[in-house]
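Summary of the model geometry
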Amino acid sequence: MNPPPVDKETAEKVRHHLSKEELERQMHSIHGQGDSGDTLKSRTFGNSNHSRASGSSTNAQTDGGPRQESWIFESVGGYYMPTEDMSKISLATQEQLLMRNLIYAFSGVPSSYITPDIPAEKIAEMTAVEMAKVRFRLDDAFNGAFRSLANTVLPLIGYYISVQSFIEETNMTPSCGRTRLALATALSDQMEDYYKLQSKLETDLNEQKLNLKELVLQVRPWLSSLKVFAGMACSSRGSLNSAQLVTLLDQFSNEQKTATPELKERVAQILAKVTHTYMKIVQLWTQKGILYDAQHEFFVEDTERSNAMSSTLLAPEQCCQAYWSERYNLIPDRLPSFLLDQAEKIFLAGKYLNILRQCNVTMKLLQKPLSYIPQERGHLEIIQESYQLPAGKLLEVIKEQRLDVHLRNLRGYFLLQMDGFAETLLDRCQEQLQCNVDTLIPEKLQNLLTECLHKSNDPFKGMLRCQLKACDVATQLARGQTAEKALEPEGSEVLRLYGYESFALRYEAKWPLSFVLHSQVLEQMQVIQRVLLFLRYVHRTLTLLWQAPASGAALKRTDRSGELRQRMMLCMLNLEQYITLDIAEPRWQSLLQTVDKAQNIDEVLIKFEDTVEDCLRLGLLSSANTFVASLFTLGHICLNFCGFVESPPIAGSLQQFDRVVGEYEEEFSSFITTILDLVKQLGSPSGKDGERQSCKQLLQRLEE
């Protein structure tokens with residue numbers, strides 16, 4: 001009898017099948033008959049017109065063995081398997097037959113007596129994930145006690161099919177990825193013990209050393225193992241990347257808290273083997289600064305990678321903080337969950353090694369194998385050490401550039417705390433600062449700045465430059481512009497700024513110092529400097545008016561004008577001292593202390609950026625640009641008052657002069673009240689603690 005055509009996909013689902021000759025040999029082995037294969041074949045296939053031959057032949061044997069004619073061949077998934085009339089064989093033979101069918105079924109071989117709860121022809125159309133949900137049934141003709149024992153281990157069949165199909169499909173898919181291939185290999189290694197057990201069971205069965213109870217006892221421990229393996233296999237299918245796959249396996253490992261020690265060990269071995277490839281990439285990146293990730297599995301990506309290696313030297317002009325902030329990207333989707341807390345240190349370790357390479361720094365690199373073992377901290381300690389080494393070395397390199405001196409320079413120049421600097425600058429640039437910015441020549445202002453610093457003993461005074469901004473401070477603060485993008489965009493409203501509103505300082509730090517003193521944080525310092533210089537300019541103008549009676553003779557006509565000027569001077573002084581003494585100075589001293597005690601570059605970077613941010617946020621209340629605009633409006637009121645007083649006396653009575661002074665006084669007082677209300681609103685109980693405290697300090701100064 002010729003079997004029907006076999007579906008190709010069905011053939012792929014079944015590992016192997018028994019030939020007719022093999023079936024005859026197995027029947028002979030089961031029943032212990034001495035007939036030759038040819039005799040069995042003639043008896044078995046005597047009637048080729050029946051798809052299911054009856055076992056009622058008159059040639060029955062009486063020597064205790066079953067009749068050969070009782071065997072039939074039934075189509076199972078396209079293959080012909082032997083079946084037996086259970087009512088005509090002994091319990092011992094049933095047990096032998098059941099054990100052999102179980103052993104074959106546990107290896108993925110079709111069986112006539114163990115069938116799925118779906119039509120056999122549909123198996124070929126099912127995915128491995130669906131196959132894991134299929135339940136298998138034992139033929140009801142078997143003895144009830146046998147069925148009860150066997151049913152406890154039948155789920156092993158579906159688990160095995162899921163695991164084995166995953167291994168075979170992965171090995172046959174070239175583009176599956178290294179991590180998935182590692183999982184297939186790890187599962188295959190773990191299945192070796194299972195294969196050995198199957199071989200042992202079959203040997204014991206052939207040697208009559210096995211009974212059904214012992215078979216179940218030996219197979220049952222594999223139920224939990226293959227169930228977990230099948231879960232791994234089914235969950236790992238689809239478009240998972242390496243990080244998602246190892247995260248999934250880590251979750252499987254964490255779920256085995258109540259599992260047997262043997263299963264825990266097996267899962268740990270699988271996880272260690274699968275994560276080995278990924279952790280090797282991590283090790284190479286954190287300990288060598290080399291990004292070897294041809295298959296795009298790692299969560300760090302080099303935006304300028306021209307090949308698989310990330311160690312190309314750069315031209316000196318390319319090295320800057322902006323370049324390194326954009327050179328590498330962190331891809332969250334490629335980050336395993338067990339490395340989530342270490343992601344930043346891993347990212348920075350390799351980045352700092354590359355920065356040190358660009359600085360031509362030689363150092364002894366770490367060489368420690370990195371692996372992931374759940375519930376252990378070995379990998380965390382190695383990652384920490386891998387990060388601390390380059391981060392500490394980079395701090396040493398930047399400290400050699402006299403970082404502490406440069407930070408003191410920023411305090412002196414940008415916070416106007418250097419003795420005599422602001423006064424000398426305003427004195428030399430007095431005429432320039434009073435002109436419209438469109439008429440000013442930056443080179444001339446730079447020459448005046450150089451003259452101001454001529455007698456200074458600062459070795460880095462040449463790094464201080466000046467520039468003219470095309471927007472006011474409130475606009476610059478609102479837009480968060482960098483020094484390189486200070487010009488107004490096309491179509492924007494052109495402001496008529498004076499020199500004292502537009503003048504700004506710039507500190508040109510060179511590499512590698514610019515890694516800390518980068519343009520973004522220096523731009524924030526520049527905003528503070530522009531506000532302080534404006535307040536100092538207004539205060540100086542009021543002071544010179546008091547000291548130059550010839551120019552401001554009209555000021556002495558009334559006490560009222562003198563008192564108003566005194567109020568204005570005190571207000572400008574309090575606003576400046578609030579920003580410098582109350583806010584900036586204590587934080588700057590804390591910054592210098594941190595730099596002295598820091599163990600790595602990130603401690604300095606974070607502290608420096610936080611310090612400048614706090615000075616800007618608490619000093620200028622950057623969350624409300626209205627406050628900054630109010631400071632300049634208040635300053636302009638003072639300057640307008642000075643202009644009025646310096647103007648030639650108006651022909652008329654002193655009452656008219658006092659009336660105009662009264663108008664300025666009323667305007668000044670009204671605006672002070674507006675600023676106080678704004679500060680009270682910003683310092684409301686709903687605000688942050690730091691902002692509430694800073695607003696309280698400002699109110700105390702302005703209400704004096």
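Each chain carries its own residue numbering, running from 1 in the written order of its sequence. This being a predicted model, a pLDDT of at least 70 is required before a residue's local features are given, and a value of 80 or more before pairs of side-chain atoms are given or counted; all residues contribute to the totals for chains, interfaces and linings. Calculation of side-chain values draws on the structure's entire complement of heavy atoms; hydrogens and water are dropped beforehand.

Two axes define the bend at a residue: one fitted to the seven residues ending there, one fitted to the seven starting there, and the bend is the angle between them. Strands here mean DSSP runs of E at least two residues long; helices mean DSSP runs of H or I at least four residues long; both are numbered from the N terminus. Along helix 12 (residues 261-288), the sharpest change in direction is near 45° and occurs at His276. Positive backbone phi, approximately 75°, marks Gly289, located one or two places after helix 12.

In what follows, salt bridge is the name for a side-chain nitrogen of Lys or Arg lying within 4 Å of a carboxyl oxygen of Asp or Glu. Under the definition given, this model contains 24 salt bridges. Ionic pairing is found between Asp302 and Arg327, a salt bridge with its closest N-O pair at 2.7 Å. Taken together, the residues span a long stretch of sequence, with Asp302 in strand 5 (residues 300-302) and Arg327 in helix 13 (residues 321-327) at a distance of 25 residues. A salt bridge links Arg408 to Asp404; the nearest nitrogen and oxygen atoms lie 3.7 Å apart. One end of the pair is Arg408 and the other is Asp404, both in helix 16 (residues 403-414) and four residues apart, which spans about a single turn. For the exposure calls, accessible area comes from a 1.4 Å probe over protein chains only, and a residue counts as buried if that area is under 20% of its type's maximum, exposed if over 50%, partly exposed in between. For Arg408, a relative accessible area of 44% corresponds to the partly exposed category. Given the relative accessible area of 30%, Asp404 is considered partly exposed. What you see here is one network of salt bridges that share partners, running through Asp193, Glu262 and Arg266.

So, on to the pairing of strand 8 (residues 503-507). Taken across its five residues, strand 8 has four buried, putting it largely inside the fold. Note that strand 7 (residues 464-468) and strand 8 share five bridges and pair antiparallel. Bridging from a neighbouring strand, Arg465 pairs with Arg506 of strand 8. Strand pairing is assigned whenever DSSP identifies at least 2 bridges connecting the two strands.

Turning our eyes to something else, we now look at the side chain of His539. By the element assignment, His539 lies in helix 22 (residues 519-547). Those residues in contact with His539 that sit more than four places away from it in its chain are Met569, Met572 and Leu573. Every residue pair with non-hydrogen atoms within 4.5 Å of one another is taken to be in contact.

Contact pair helix 14 (residues 343-358) / helix 15 (residues 378-399): the axes reach a minimum separation of 8 Å and the direction vectors enclose 40°. In terms of axis orientation, helix 14 runs oblique to helix 15. Like other packed secondary-structure pairs, helix 14 and helix 15 cross with a definite hand, here left-handed. Contacts between helix 14 and helix 15 involve Lys345, Ile346, Leu348, Ala349, Tyr352, Leu353, Ile355 and Leu356 on the former and, on the latter, Ile383, Gln384, Ser386, Tyr387, Pro390, Ala391, Lys393, Leu394 and Val397. For the contact of helix 14 with helix 15, the residue count by class is 13 nonpolar, two polar and two charged. Fitting a line to C-alpha atoms yields each axis, with helices limited to the stretch in contact; the angle taken between N-to-C directions then spans 0 to 180 degrees. With respect to orientation, any angle under 35 degrees is reported as roughly parallel, any angle over 145 as roughly antiparallel, any angle of 65 to 115 as roughly perpendicular, and every other angle as oblique. Less than a right angle of anticlockwise turn of the near helix away from the far helix marks a crossing as left-handed, whereas a clockwise turn marks it as right-handed. Asp, Glu, Lys and Arg are counted as charged, while Ala, Val, Leu, Ile, Met, Phe, Trp, Tyr, Cys and Pro are counted as nonpolar; the rest, among them Gly, fall into the polar class.

What follows covers the environment of Gly392. Considering the arrangement of structural elements, one finds Gly392 in helix 15. Measuring from C-alpha to C-alpha, the distance between Gly392 and Glu603 comes to 9.9 Å, with 211 residues separating the pair along the chain. Dropping the residues within four chain positions of it, Gly392 is found in contact with Gln599 and Asn600.

Time to look at the packing of aromatic side chains. Side-chain rings of Phe, Tyr and Trp, where Trp is taken by its six-membered ring, are said to pair if the distance between their centres is within 6.5 Å; with planes under 30 degrees apart they count as stacked, over 60 as edge-to-face, and otherwise as tilted. Within the structure shown, the criterion is met by 21 aromatic pairs. Judged by centre distance (4.3 Å) and plane angle (20°), the ring pair of Phe534 and Phe632 falls under stacked. Of the two residues, Phe534 is situated in helix 22 and Phe632 in helix 25 (residues 625-646); the sequence distance between them amounts to 98 residues. Phe632 shares its class with Phe534; the two are buried. Each residue in the set Tyr498, Tyr500, Phe534, Tyr537 and Phe632 is aromatic and connected to the rest through ring pairs, giving one cluster.

Time to look at the packing of helix 16 against helix 23 (residues 559-597). Close contact between helix 16 and helix 23 brings their axes to 10 Å; oriented N to C, the two are set at 175°. In terms of their interaxial angle, helix 16 and helix 23 are classed as roughly antiparallel. Where helix 16 approaches helix 23, its residues Leu403, Asp404, Leu407, Arg408, Leu410 and Arg411 are matched on the opposing element by Glu585, Trp588, Gln589, Leu591, Leu592 and Val595.

Turning our attention to unusual backbone geometry. The peptide bond linking Trp511 to Pro512 adopts the cis configuration, its omega dihedral lying at 5°. Note that Pro512 resides in the loop between strand 8 and helix 22. Even without being a glycine, Gln208 presents a positive backbone phi close to 60°. Among the residues examined, Gln208 registers a relative accessible area of 58% and is labelled exposed. Phi at Leu416 is positive, roughly 55°, even though this residue is not glycine. Looking at the element boundaries, Leu416 is found in the loop between helix 16 and helix 17 (421-428).

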